[in-house]
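Structural overview for review
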Amino acid sequence: MLVVAVLPSRKLSAAFAGLGCLLAGAKEFHGGFTWEDLRAMPVGSKIYWNAPGERSRYEGDIGAIPAWDAELVSVLITKGARKDIGTIWYFSSAKFSECLFSEECLPTQRGTVAVENMLQFHRDLGLHTKPKWPWTAGLEGLIVTNQTQFLAGIDDLQIGTRNSKAVAFEDALCAAKGNDKTLSKLRVASVGQIHEQGVPLRILDGGEAFDQIHNIESGNVLVLLDRIEYTPDKHNLILDACNSSVTLSPGILPALPVQLSPGMEVAAFILPSD
Amino acid sequence: MRSSSIFQETTLRFRNAASVRVREVLIESSSIAIALQACRELFGALDRSDTFQANLSRKLWELRASLLYTLMPFDSVELDLAGLLKMIRDDALQIPAANEAVKSLDQGINGLIARPSNPKYLWLKGSIEEANESNESSTTGLVTMMAMGRTFGWPTNAGGCVELPASVQLIDSHKAIASMIFDKVIVLGTCHYLTLRMYSEIFHLGRANGVDVLLYPGERFSLRERLKLPDNAIFRGKLAASRIVHSSDVIRNADDELLVDIDIDNEMKRSMWEMAHGGKSSAEPGLQAARYVLCKDGRGMFVPENTPLLVWAERTNRIDSTIKTVPVEQLAEGNWLVMQLGDTGHLLDLISAEAGFGQKMEKVCDWRPALDALMLTYSTDQIAKEMIANGAQGMSLAQSIRNWADGTVYGPGSQNELRSLLNVLLSHHKLPVQKDIDQYVHDHWIGLKELRGIRLRAGMTLHNSIQPLLAKALSHHELSFENQIVKLENGIQVQLSQVAAVDDQLSWVQESSLLHLKAMRGA
């Protein structure tokens, strides 16, 4: 689905769209990285974990299941406490449930605090976000924008619900920046970077980011433009999208509000895969 | 400035943009009407293909712009209408066809000097006094930079003769309007000369709740349409259509209707641009479409459509200022263009070397000596033909081969092209026989991509380094519109030029004219 919004101002719009994307992703989340997932990982795969009560974040390579106990998973430590590097650890199902495992690099201590703040914000909103969701690999959304302006825009802003303690907007997003491969549910990337495919939602923030549309093969795209950025070349492309779009029924997005903000102009299209 | 949060400000902008009230205010003045009509007649009598008459047209435009946009009394020394009139009269009297029109102009301008009170100023003063009496606490903006980035007929110092209350903020650049939300913006005359960006900020981007456009008889205002998204079933009934509530107290009689068709300012604007840059107004073979950007220092350049330019986005604290990329059609009056002088190749080499660029280049482009060897006995055209037979595509393959051989370009731009090149070199026994050609091509292709990545990152590093260095260099440096060259700590020289205007129509020019800043014609 391609959604295009033309606005009087793009200020904070990508940040709020990203926030919406996170909330929707958290609501839809039912899985998580399980013991079975760990056992099914091919030999040589990278795995990341935090052990309770330890400051070190670990990284290792999955090894073969030991012949002497098929219920264990062996991991060669490649990063972590210095004394452990190069050693092999054997994880049982019980030990697995004590640790926090992920297929992506875990955040720093500050990042972990930010994740806690994000979960607190979800609780304040009345959402029952599963604690495993932020620690499970896989992006919910990718914001393609001018990173410096985006981060400057949300700097010093806080968000919260009435009667609750507000959290830093940056924490509510917990977004990884640029090529930082740390586990996150939202990534903010520059227009010039090469972006991974398969993200559920890409938010193309601004005229320059719009040009990325030609490189996107599948998934959902939200384009945010201010009124002056909606130029004839973009208009022509949107008209093409309009002509190729599958007919949409008004009920396809049931959660839409009755009335959108004044000054907002939006259109949505479902484009065939070819 | 309103003290408001970013949320309040954004909400207000959305509300304003959804419904902006635009009012055309007719400023009746028979003496002005006579002078403006005389300007129009004289302009119509000139042959602008002749250099002398083209220069006279330019002076006449300055006179007209001074009349339209000034708030000063018409006998003001700073305005110097008498001086301008004398220059025009002296030139125009040499053109027999213009004699009658010159006489009318003489009468019109002298009539204004004899009765110097400025009707637009009187209206403005009355309007502000009225607002003060009703105790309305409102923020009013007054657009002063109306004529292709120039401010005509405006006091040059703060102690000038126009007295305006503190509640009126002067809008003399894009920065001035983009930093505030106004209850009302007053536009001193026709908006034909404003850039698209400035026009959009005033009318479409929610900067003002209402806009008053002051017009003399014969002066025209027209709303520029903007593109809108196609209607969409999903959002039908959920969106409030944005509208411009346009009212006018201008009552046009039959003679006036005739003038609407002519719209002299529109005609003058086109002539001014044609005289400034000389680009073709329609496509011709071998010419490129570009937009002309005029700078305040009297120089200008053609920029291909959609080309992003670097703009110095100045903040109150210079150290926090940034460099933004802005597409040419979105430049506005007062933007500072940042242009790099000279070659940065050496600096790029230094940064790239840190990432092992040299070694990688040697490994990835190990086919270059083989290509050099083949070029001793085969022409590039012959090699190109063989490559096409091997599946390569492209019109200028022979030139590409020369570029690969001399290293101007690292290598082929697609894996398919690289495969065909390596196949040709292998077939001529210039490269050692490969067991797995697919793997060989793949490895070289990945290597080429990495090579380009290193260079791209080096370019970005260099670009990012310019910003803090420029901020530092400018922190004790007052910017003025004259050509500014700033030498940065890393040896790079950047030039800063302030945008005066951007042609709203495309021109067609030779490729060699693109991005080449030079004095505008007749400057």
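Residues numbered from 1 in each chain as written. Chains lettered and ligands numbered in written order. Predicted model: local features only at pLDDT ≥ 70, side-chain atom pairs only at ≥ 80, totals over all residues.

**Considering the overall build of chain B**
The cut-off we apply is this: For the purposes of this entry, the term helix denotes a DSSP run of H or I that reaches at least four residues, the term strand denotes a run of E that reaches at least two, and both are numbered from the N terminus. Here the C-beta atoms are placed from the backbone, and a residue counts as buried if at least 20 other C-beta atoms lie within 10 Å of its own, exposed if 12 or fewer do, and partly exposed otherwise. Placing a C-beta atom from the backbone of each residue, one calls two residues in contact when those atoms lie within 7 Å.
From N to C terminus, chain B includes 17 helices and 15 strands. Expressed as a percentage of its 523 residues, the buried residues of chain B come to 35%. For chain B, restricting intrachain contacts to residue pairs at least 6 apart in sequence, the fraction spanning at least 24 positions comes to 76%.

**Considering the sheet that holds strand E7 (residues 141-144) of chain A**
Residue and element names in this part refer to chain A. Spelled out, the test is: In this description, strands pair whenever DSSP reports at least two bridges between them. Axes here refer to lines fitted to C-alpha atoms; in helices the fit is confined to the stretch in contact. Angles between the N-to-C directions go from 0 to 180 degrees.
In space, the 7 strands of this open sheet follow the order E10-E11-E7-E12-E13-E1-E14, with mixed pairing throughout. The open sheet terminates on both sides in strands that have one partner only, identified here as strand E10 (175-177) and strand E14 (265-269). Strand-to-strand twist of the sheet, defined as the mean angle between neighbouring strand axes without regard to direction, takes the value 15 degrees. Pairing of strand E12 (residues 201-205) with strand E13 (residues 220-226), which is carried by 5 bridges, proceeds in the parallel orientation. Bridging across to E13, Ile203 finds its partner in Leu222. Against the sheet, helix H1 (residues 13-28) contacts strand E1 (2-7), E7, E10, strand E11 (186-189), E12 and E13, and its axis sits at roughly 175 degrees relative to E12.

**Points about the packing of helix H3 (residues 51-69) of chain B against helix H10 (residues 264-277) of chain B**
Residue and element names in this part refer to chain B. Put simply, the rule reads: In what follows, roughly perpendicular refers to angles from 65 to 115 degrees, roughly parallel to angles under 35, roughly antiparallel to angles over 145, and oblique to any angle outside these ranges. Each helix crossing is assigned a hand: it is left-handed if the near helix lies turned anticlockwise from the far helix by less than a right angle, otherwise right-handed if that turn is clockwise. For this classification, the nonpolar set comprises Ala, Val, Leu, Ile, Met, Phe, Trp, Tyr, Cys and Pro, the charged set comprises Asp, Glu, Lys and Arg, and every other residue, Gly included, is treated as polar.
Running from N to C, H3 and H10 point in directions that differ by 135 degrees, and their axes come no closer than 11 Å. When the axes of H3 and H10 are compared, the pair comes out oblique. Crossing angle aside, the handedness with which H3 passes H10 is left-handed. Seen from H3, the contacting residues are Ala54, Ser57, Arg58, Trp61 and Arg64; seen from H10, they are Met268, Ser271, Met272 and Met275. Classifying every residue of the contact of H3 with H10 gives 5 nonpolar, 2 polar and 2 charged.

**A short note on the sheet that holds strand E6 (residues 243-248) of chain B**
Residues and elements named next belong to chain B. Taken together, the 6 strands give an open sheet; going across it, the order is E3-E2-E4-E5-E1-E6, and neighbouring strands pair in parallel fashion. Edge positions in the sheet fall to strand E3 (168-171) and E6, since each has one partner strand and no second. With direction set aside, neighbouring strand axes in the sheet form an average angle of 20 degrees. As paired elements, strand E2 (residues 140-143) and strand E4 (residues 182-187) share 4 bridges and run parallel to each other. Bridge pairing in E4 places Leu142 opposite Ile186.

**Observations concerning the interface of chain B and chain A**
Contact residues are listed per partner, giving 35 residues for chain B and 37 residues for chain A. Counting residues per element, the ones that place at least two in the side of chain B that touches chain A are helix H1 (6-18), helix H8 (196-203) and strand E10 (322-327) of chain B. When grouped by side-chain class, the residues that make up the side of chain B that touches chain A number 17 nonpolar, 10 polar and 8 charged.

**Section: the pairing of strand E4 (residues 73-79) of chain A**
Residues and elements named next belong to chain A. Here strand E3 (residues 57-62) runs beside E4; their pairing, made up of 4 bridges, is antiparallel. Bridged to Asp61 within E4 is Leu76. Looking at chain direction, E4 and strand E5 (residues 88-91) are connected through 4 bridges and run antiparallel. Each bridged residue has a counterpart across the sheet, and for Val73 the counterpart in E5 is Phe91.

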